[in-house]
Amino acid sequence: MKQELIIAGFGGQGVMSMGQLLAYAGMKEGKHVSWLPSYGPEQRGGTANVSVVISDKEVGSPVIDKPTSVIALNNPSFEKFEPMLIEGGDLFTNSNLVDISSKREDIYFLPVPATEIAKNLKMERVAGMVLLGAFITKTKVLSKDSLLEALINVLGEKKKHLIGVNEEAILAGENLIEKKLFLTK
Amino acid sequence: MGKVLMKGNEVIGEAAIHAGCYYFFGYPITPQSELVAYMAKRLPEVGGLFLQSESEVSAINMVYGAASAGKRVMTSSSSPGFSLKQEGISYLAGAELPAVIVNVARGGPGLGNIQPSQSDYFQVTKGGGHGDYHTPVLAPANLQEIIELTSDAFRIADQYRTPVILLGDGMLGQMMEPVEFNEKTETGDNFMKDWATTGTEGDGLPKVITSLDLNDVKLEQRNHRLQAKYRKIENNETKVEVKNVEEADYVIVAYGTVARIAHSAIEKARQDGIKVGLIRPISLWPFPKKIISDTSKNVKAILTVEMSAGQMVEDVRLAVEGKSPVSFYGRTGGIIPTVDEIYREILKLGKGVTS
């Protein structure tokens, strides 16, 4: 099993921390992981993105040129990474922020109304967790428990009260995939 | 201690502290600023000293001072800032002072950009500053190896009284991977630094640390001593990783970041039945000439891949001495070669030889 995921969006959308959570959860499961941020000029304006590899084997290149999954949080990210996705790959979008659809027939297109779901949970900031919930459920690369454990570790004692709402967000994402509440191509 | 997820730059900092380095002088520059920030936070916690200097030139000369006092000391920068330290590194080499200098290299020349690059190879392996000297150069390819090589760098520095360079690039500095720190690391207590200028308390002659010698005969003697030391380092401190080289028809020589990408390309080629091996120099100086020379007798071709316009390939060709063809593939300007690009170069090797 090897997942090569690119998460991309505007700076400040939590792209880096989403990737970090997955890398941490992967490490806790004893998998080989790498986390590589884009830190170049593309971070200003355009897209900020992070490449996360989660693998049963040692990670060779942490640079991803053919992602197995993409999570796109804005239109420019969608346009940049959708064509790079491998055949049979998963393309998740926050459909409240990305208003384009994939025309590719050979991938799974999974538009998730993550902002809307997060707003219903009264915390717009957990939109990323909805997407991560969908991602781990669709790809089965990590268990929900490890993602939660990672979250507890990242939030720390001070923000412990936020665990509940984050967990609900993950569950909402999981639910979407399990009940197939999304469009597929 | 268990595994922790850390950024490469932070791993260098923590590894240095584990190796008994409690003094750090530096100036921030992307993509290594996290290392400076980490030391600023961590060193006061462990009773060490962090000082942000007003420039790179100043930082390297503070290193000279701390090293003269016999303490394990480090500074770090990225390419343009590293260039500014060259005068100081030459002085450290001349005065035979142990210190570790980190270069988290970025695209050049000039200010270039902040993306990963290996185009400082010539500078780090051929001296870099003025005068006849070399610095041992260690080039990790992953974050766990950073820990091992940082410790090694301090050990080599003390053992041979020489500045040592740890060479990474923006990718290694910025990426995160799980790492594990060994509780028992050599911290330099076993090195008797009787040359350190810590005060004689009226007992014996003053100790002098200088790279100045106006007497030509004496300066030549010093040069002979340095050269003898460099031969010893060449004999004892050459480090290389060799993978699937026996039975190989082709071999890739690559170091650091590029070696791990090359490794992925090699796996792909091997699945297609192409017999490719990897030689990864870990010490760039001393360069692993012998294994490359020996291997070149038995392979059809050697490919060198770098994030440069072709620098290490010159050392590869010197080692091969025409025993096999050596080709080169490189990307510059901060662009990282992809697995596919390297794979295509491997396919070209096959065509070139059989046609």
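Please read all numbers here as calculations on a predicted model, not as lab measurements.

S.K.: I'd like a rundown of the overall build of chain B, residues and numbers included.
M.R.: If you tally the helices and strands in chain B, you get 13 helices and 14 strands. Taken over the C-alpha atoms alone, chain B extends approximately 75 × 50 × 40 Å along its principal axes. By the burial criterion, 53% of the 355 residues in chain B qualify as buried. By sequence separation, contacts in chain B at least 24 residues apart represent 80% of the contacts at least 6 residues apart.

S.K.: Before we move on, could you go through unusual backbone geometry and cite the residues and values that matter?
M.R.: Residue and element names in this part refer to chain B. Looking along the chain, the bond that leaves Thr30 and enters Pro31 is cis, with omega of 5°. Checked against the element boundaries, Pro31 lands in the loop between β2 (23-26) and α2 (33-45). With an omega of 0°, the peptide bond running from Gly108 to Pro109 counts as cis. Position of Pro109 relative to the elements: it lies in the loop between β5 (99-105) and α6 (121-125). Of note, Glu201 is a non-glycine position whose phi angle comes to about 50°, a positive value. Take Glu201: it is sitting in the loop between β8 (176-179) and α9 (216-236). Even without being a glycine, Asn244 presents a positive backbone phi close to 55°. By the element assignment, Asn244 lies in the loop between β9 (240-243) and β10 (250-253). A count of 15 C-beta atoms within 10 Å places Asn244 in the partly exposed class.

S.K.: Would you mind going over the confidence of the model for chain A in detail, with residue names and values included?
M.R.: For chain A, per-residue confidence averages 92 on the pLDDT scale, and 94% of positions sit at 70 or higher. Within chain A, the lowest mean pLDDT, 91, falls on helix α5 (residues 144-155) of chain A, and the highest, 98, falls on strand β4 (residues 69-72) of chain A.

S.K.: Mind laying out the sheet that holds β9 of chain B, listing which residues take part and the relevant values?
M.R.: All names here are of chain B. Read from one edge to the other, the open sheet built from 5 strands follows the order β9-β11-β10-β13-β14, with strand pairing classed as mixed. Sheet topology places β9 and β14 (326-330) at the edges, where each strand pairs with a single neighbour. The sheet shows a mean angle of 20° between the axes of neighbouring strands, direction not considered. Pairing between β10 and strand β11 (residues 276-281): 4 bridges, direction parallel. Bridged to Tyr250 within β11 is Val276.

S.K.: I'd like a rundown of the domain arrangement of chain B, residues and numbers included.
M.R.: All names here are of chain B. Taken domain by domain, chain B comprises domain 1 (4-193 + 224-236) and domain 2 (242-354). Its C-alpha centre places domain 1 at a distance of 27 Å from the equivalent point of domain 2. Elements supplying a minimum of two residues to the side of domain 1 that touches domain 2: α6, β6 (137-138), β7 (163-169), α8 (170-174) and α9. For the side of domain 1 that touches domain 2, the element with the highest residue contribution is α6, accounting for 4 residues. Here the residues of the side of domain 1 that touches domain 2 sort into 14 nonpolar, 11 polar and 3 charged.

S.K.: Break down the interface of chain A and chain B for me, citing the residues and quoting the values.
M.R.: If you look at the interface, chain A gives 15 residues, while chain B gives 20 residues. Every element with two or more residues in the side of chain A that touches chain B is listed here: α1 (15-28) and β2 (32-37) of chain A. Top element by residues in the side of chain A that touches chain B is β2 of chain A. It accounts for 5 residues. Taken together, the residues that form the side of chain A that touches chain B break down as 10 nonpolar, 4 polar and 1 charged.

S.K.: Tell me about the sheet that holds β2 of chain B, residues and numbers included.
M.R.: Residue and element names in this part refer to chain B. Here 7 strands make up an open sheet; going across it, the order is β3-β2-β4-β5-β7-β6-β12 and the pairing mixed. On the outer flanks of this sheet lie β3 (49-52) and β12 (283-285), each paired with one strand and no other. Two elements, β2 and strand β4 (residues 73-77), share 2 bridges in a ladder whose sense is parallel. In the strand pairing of β4, Phe24 is matched with Met74. Across the sheet, α2 is in contact with β2, β3, β4 and β5; its angle to β3 comes to roughly 140°.

S.K.: Please provide a residue-by-residue account of the confidence of the model for chain B, values included.
M.R.: Of the residues in chain B, 99% have a pLDDT of 70 or more, and the chain-wide mean is 96. Across the interfaces of the predicted complex, the ipTM metric reaches 0.92, alongside a pTM of 0.95.

S.K.: I'd like a rundown of the nonpolar core, residues and numbers included.
M.R.: Side chains of nonpolar character tend, in soluble globular proteins, to be buried together. Ranked by size, the top nonpolar core spans 162 residues in total, and within it Val130 of chain A together with Val100 and Ala262 of chain B carry the most contacts. Here this core takes 9 residues from α1 of chain A, the largest share from any one element. Two domains each donate at least three residues to this core, and these are domain 1 (4-193 + 224-236) and domain 2 (242-354) of chain B. For Val100 of chain B, the residues in contact, after removing those within four places along its chain, are Ala16, Met74, Ala153, Phe154, Ala157, Val164 and Leu166 of chain B.

Thresholds, definitions, all that
- Residues numbered from 1 in each chain as written.
- Chains lettered and ligands numbered in written order.
- Predicted model: local features only at pLDDT ≥ 70, side-chain atom pairs only at ≥ 80, totals over all residues.
- Helix = DSSP H or I, 4+ residues; strand = E, 2+ residues; numbered from the N terminus.
- Buried ≥ 20, exposed ≤ 12 C-beta atoms within 10 Å, placed from the backbone.
- Contact = placed C-beta atoms within 7 Å.
- pLDDT = per-residue confidence, 0-100.
- Pairing = 2+ DSSP bridges.
- Axes fitted to C-alpha atoms, helices over the stretch in contact; angles between N-to-C directions.
- Domains from an automatic or database assignment.
- Nonpolar A, V, L, I, M, F, W, Y, C, P; charged D, E, K, R; others polar.
- Core = buried A, V, L, I, M, F, W, Y, C linked by C-beta atoms within 7 Å.

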